[in-house]
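Topology and contacts: notes
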Amino acid sequence: MSGSTREMLFICLLLFAIGQRACVESTLNNRPIIGVLAQELIMESDPQLDPRVSYIAASYVKFLEGAGARVVPVMINKTDDYYKNIASYVNGILLPGGGTYFDTPGGYAEAGQKLYELAKKMNEAGDFFPILGICLGFELLTYLASDNVEHRASCYSYNEALPLEFKRGSFNSRLFGSAPSDIIGILTKENVTANFHRYCLTKQNMTALELNDDWRFMTTNEDSNGLEFISTLEHSRYPIYGLQFHPEKNVYEWRRDKNHPHSAKAVRVSQYFGNFFVNEARKSGHKFPASEEEEYMIYKHPVKYTANYTVFEQCYEFPL
Ligand SMILES: *[C@@H]1O[C@H](CO)[C@@H](O)[C@H](O)[C@H]1NC(C)=O
Ligand SMILES: *[C@@H]1O[C@H](CO)[C@@H](O)[C@H](O)[C@H]1NC(C)=O
Ligand SMILES: *[C@@H]1O[C@H](CO)[C@@H](O)[C@H](O)[C@H]1NC(C)=O
Ligand SMILES: *[C@@H]1O[C@H](CO)[C@@H](O)[C@H](O)[C@H]1NC(C)=O
């Protein structure tokens with residue numbers, strides 16, 4: 001019996017055991033492709049930046065590639081049909097961090113909303129379609145889940161690396177349920193999560209916005225002023241995950257004036273999150289039309305050196 005047949009048999013038995021009937025389709029997809037959403041530039045923050053492009057920081061792309069996925073850039077300001085097609089082709093979506101607003105017409109949040117609504121529909125219908133939101137992407141997920149109410153608390157956890165404070169029961173979560181004990185040990189004790197945010201989601205916000213039925217949080221942290229904020233969460237039914245910190249920076253961002261944890265343990269933790277999400281994407285059977293797959297790949301786009309004028313070593317830029 002080949003390895004993948006055995007894997008499939010195992011999944012079949014497991015699915016039968018929990019009464020699911022999706023068994024026959026459930027071979028793992030070992031060629032996962034993940035869509036990474038681009039983002040508009042914010043002019044006030046840097047007048048040198050080119051307003052005619054959107055961008056993706058290359059660290060998010062490498063984070064996924066390092067876990068065995070390929071990446072397709074997902075553009076902003078496109079038609080509903082574009083997002084519908086993309087969502088049916090890729091095996092998951094990563095909503096990166098960044099510094100834009102949620103109300104820019106034709107921007108990141110608008111595109112993110114279309115992808116989120118599609119993902120909810122697909123998952124509701126029994127399809128498997130994961131999303132990972134990092135930092136601003138984490139905030140966008142809960143903003144969308146609150147029907148676009150600005151829910152975030154002002155806070156300050158900028159340029160600090162922190163351990164996670166696990167809530168009781170968080171090891172029953174999907175995100176941490178299968179984590180090796182040494183990963184949990186590192187996350188609990190060491191300063192390995194890179195925080196760069198001025199907004200936070202608090203427990204009060206989750207209650208006020210009635211998010212507690214659909215979402216569960218697993219860890220909290222405190223900002224520089226002692227305000228407690230939620231640092232990881234997952235949807236209670238769908239494979240949708242949020243990390244307030246930046247796992248990709250541990251391995252792929254090197255600014256000397258930034259507190260990016262680069263120890264061997266910090267790298268392992270980063271790879272844990274990358275492997276976790278790409279493993280989720282392997283459960284998705286979405287496929288590009290064979291003749292189109294290559295055209296969409298990020299490999300077709302040049303990566304640009306940006307360390308001398310942004311916080312990122314390298315970025316991809318896309319004309320708007
Ligand atoms: C979105 O596209 C339209 C044309 O289709 C253009 O007029 C508008 O400026 C674009 N908006 C952004 C934010 O790029
Ligand atoms: C983590 O960082 C804090 C403050 O920045 C420091 O006090 C603490 O010793 C660090 N912990 C470890 C294990 O390095
Ligand atoms: C979010 O939480 C912060 C602090 O807990 C609070 O100041 C703010 O008003 C809350 N916003 C909403 C919409 O709940
Ligand atoms: C950054 O460096 C590149 C390559 O060395 C150079 O072409 C570009 O002009 C620099 N940009 C800025 C804003 O300094």
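Strand order in this open sheet of 8 strands is E4-E1-E5-E6-E12-E11-E10-E8, and the pairing throughout is mixed. Each of the sheet's edge strands pairs with one partner strand only, and the pair in question is strand E4 (70-74) and strand E8 (165-166). In the sheet, strand E10 (residues 215-222) pairs with strand E11 (residues 228-235) via 7 bridges, with the strands oriented antiparallel. Within the sheet, the bridge partner assigned to Asn221 lies in E11 and is Phe229. Sitting on the sheet, helix H5 (residues 136-145) is in contact with strand E5 (93-95), strand E6 (131-134), E10, E11 and strand E12 (240-243), with an inclination near 115° to E6.

Turning to the packing of aromatic side chains, a few remarks are in order. Per the stated rule, a full pass over the model turns up 15 aromatic pairs. Note on Tyr89 and Tyr296: the rings are 5.9 Å apart at their centroids and 75° apart in plane angle, and the pair reads as edge-to-face. Of this pair, Tyr89 sits in helix H3 (residues 80-89) while Tyr296 sits in helix H11 (residues 293-296); the two residues are 207 residues apart in sequence, bridging distant segments of the chain. By relative accessible area, Tyr89 is classed as buried at 13%. Judged by its relative accessible area of 23%, Tyr296 falls in the partly exposed class. A ring pair is formed by Phe288 and Tyr296, whose centres lie 5.0 Å apart and whose planes are at 50°; its orientation type is tilted.

Glancing now at the side chain of Ser59. Residue position: Ser59 is located in helix H2 (residues 58-65). Sequence-distant contacts of Ser59, that is, excluding residues within four places in its chain, are made with Glu248, Tyr252 and Glu253.

Helix-helix packing is described using two parameters, namely the angle between the two axes and the distance between the axes. Across the interface, helix H4 (residues 108-124) lies against H5 with an axial gap of 10 Å and an inter-helix angle of 65°. Judged by the sense of rotation from one axis to the other, the crossing of H4 with H5 is right-handed. For the pair H4 and H5, contact is made by Tyr108, Ala109, Gly112, Gln113 and Tyr116 and by Leu136, Gly137, Leu140, Leu141, Leu144 and Ala145, respectively. Across the contact of H4 with H5, the residue classes tally to 8 nonpolar, 3 polar and no charged.

Rules behind the numbers
- For every chain, the first residue of the written sequence is number 1, and numbering continues from 1 along that sequence.
- All chains are assigned letters beginning with A, and all ligands numbers beginning with 1, in the order in which they are written.
- Where local features are concerned, this predicted model is filtered to residues with pLDDT of at least 70; where side-chain atom pairs are given and counted, the filter is 80 or more; whole-chain, interface and lining totals use all residues.
- The side-chain quantities take in all heavy atoms of the structure and omit both hydrogens and water.
- Paired strands are those between which DSSP finds at least two bridges.
- Under the scheme used here, helices are H or I runs from DSSP no shorter than 4 residues and strands are E runs no shorter than 2 residues, and both carry numbers assigned from the N terminus.
- Throughout, a contact is declared for two residues whenever any of their heavy atoms are within 4.5 Å.
- Between N-to-C directions, angles cover 0 to 180 degrees, with each direction set by a line fitted to C-alpha atoms, over the stretch in contact for helices.
- Side-chain rings of Phe, Tyr and Trp (the six-membered ring for Trp) are treated as a pair once their centres are within 6.5 Å; stacked means planes under 30 degrees apart, edge-to-face means over 60, and tilted covers the remaining angles.
- A simple rule labels every residue: compare its accessible area, found with a 1.4 Å probe on the protein chains alone, to the largest value its type can have, and call it buried under 20%, exposed over 50%, or partly exposed in between.
- Each crossing gets its hand from how the near helix is turned against the far one by less than a right angle, where anticlockwise is left-handed and clockwise is right-handed.
- Residue classes follow a fixed rule: Ala, Val, Leu, Ile, Met, Phe, Trp, Tyr, Cys and Pro count as nonpolar, while Asp, Glu, Lys and Arg count as charged, and any other residue, Gly among them, counts as polar.

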